[in-house]
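Descriptive structure summary
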Amino acid sequence: MAPAPEVKLTATPGQTIGPFYGYALPYERDNELVNPSRAGAVRLHGTVYDGEGAVIPDALLEIWQADEQGQVVQQAGSLLRDGYTFTGFGRTAVDNEGNYTFTTLNPGATGEGKAPFIMLTVFARGLLNRLFTRIYLPEDTAALAADPLLASLDAADRQTLIATREADGSLRFDVHLQGGHETAFLSYPRS
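Notes on the structure in this doc start here.

Thresholds applied
- Residues numbered from 1 in each chain as written.
- Predicted model: local features only at pLDDT ≥ 70, side-chain atom pairs only at ≥ 80, totals over all residues.
- Heavy atoms only, no water.
- Helix = DSSP H or I, 4+ residues; strand = E, 2+ residues; numbered from the N terminus.
- Rg over C-alpha atoms; globule rule 2.2 N^0.38 Å.
- Buried < 20%, exposed > 50% of the residue type's maximum accessible area, 1.4 Å probe, protein only.
- Lys, Arg positive; Asp, Glu negative; His and termini not counted.
- Charge placed at Lys NZ, Arg CZ, Asp CG, Glu CD.
- Phe/Tyr/Trp six-rings, centres within 6.5 Å; stacked < 30°, edge-to-face > 60°.
- Lys NZ or Arg CZ within 6 Å of the ring centre and 35° of its normal.
- Contact = heavy atoms within 4.5 Å.
- Polar contact = N/O pair within 3.5 Å; in protein donor to acceptor, adjacent residues only side chain to side chain.

What follows concerns the overall build of the protein. In terms of regular secondary structure, the protein is built from 3 helices and 9 strands. N-terminal to C-terminal, the α/β element order of the protein is β-β-β-β-β-β-α-α-α-β-β-β. By the compact-globule yardstick of 16 Å for 191 residues, the protein fits well, its C-alpha radius of gyration being 18 Å. Principal-axis analysis of the C-alpha atoms gives the protein an extent of 70 × 40 × 40 Å. Counting across all 191 residues of the protein, residues that qualify as buried make up 42%. Distance from the positive charge centre (14 side chains) to the negative charge centre (23 side chains) of the protein: 5 Å.

Before going further, it helps to spend a moment on the packing of aromatic side chains. Counted according to the given criterion, the structure contains 4 aromatic pairs. Consider the rings of Phe 132 and Tyr 188, whose centres lie 5.3 Å apart with planes at 90 degrees: the pair is edge-to-face. On the criterion of sequence distance, the pair formed by Phe 132 in strand E6 (residues 131-136) and Tyr 188 in the segment after strand E9 (175-176) is long-range, its members being 56 residues apart. Take Phe 132: its relative accessible area is 13%, and that puts it in the buried class. Note that Arg 134 overlies the ring of Phe 117, its terminal NZ or CZ placed 3.8 Å from the centroid.

This next bit is on the pairing of E6. Counting buried residues in E6 gives 6 out of 6 residues, a clear majority hidden from the surface. Covered by surrounding structure in E6 are Leu 131, Thr 133 and Ile 135 together with Phe 132, Arg 134 and Tyr 136, the residues of both alternating faces.

What follows covers the environment of Gly 77. Structurally, Gly 77 is set in the loop between strand E2 (60-65) and strand E3 (89-93). You can call Gly 77 partly exposed: its relative accessible area is 31%.

Quick look at unusual backbone geometry now. The backbone of Arg 29 sits at a positive phi, close to 55 degrees, despite the residue not being glycine. Judged by relative accessible area, Arg 29 falls into the partly exposed class, the value being 31%.

Moving on to the environment of Thr 85. Positionally, Thr 85 belongs in the loop between E2 and E3. Sequence separation between Thr 85 and Val 7 is 78 residues, and the spatial gap between their C-alpha atoms is 46 Å. The residues touching Thr 85, leaving out its near neighbours within four places in the chain, are Leu 33, Gln 75 and Ala 76. A polar side-chain atom of Thr 85 sits 2.7 Å from a polar atom in the side chain of Asp 82.

Structural data, given as structure tokens:
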């Protein structure tokens, strides 16, 4: 008997996840990567909008980031916060008005010629797969201009990835899933 021909399979798309994910995914202090009283703690916050500019009241956001020295953290404990260990991971659901907040650190650059950033993953109703983007810190304009990913984007898309530093030191980053202000989203092979 001849061997069966090799068949290339296509991955099945992810499933729509909202709004029922709130049952099992949130956990205690999920949005606190560091204690708010820690020196260097910064608030990252914003609002999630749909293509019409309406808020999305049932999205879930995850962030992944390096520490202040640009080291990718490899500590256990992301789901069981001890109040001391920085794991570089956080998760939060938006409130009924589409707002989110994280308490974290300003990340350092992960390599030569790269600007510091926070990776953001968005889960929301109507999305068959999660969306990926980056949140860049606004201060180091030379690093932003030289960053390989940002340099590959046109000026309008590049601006959608740069947070605003507010007067109190917090970072504001709004997410627009579609429309004229759409956030630039990234795609990764095999994801």
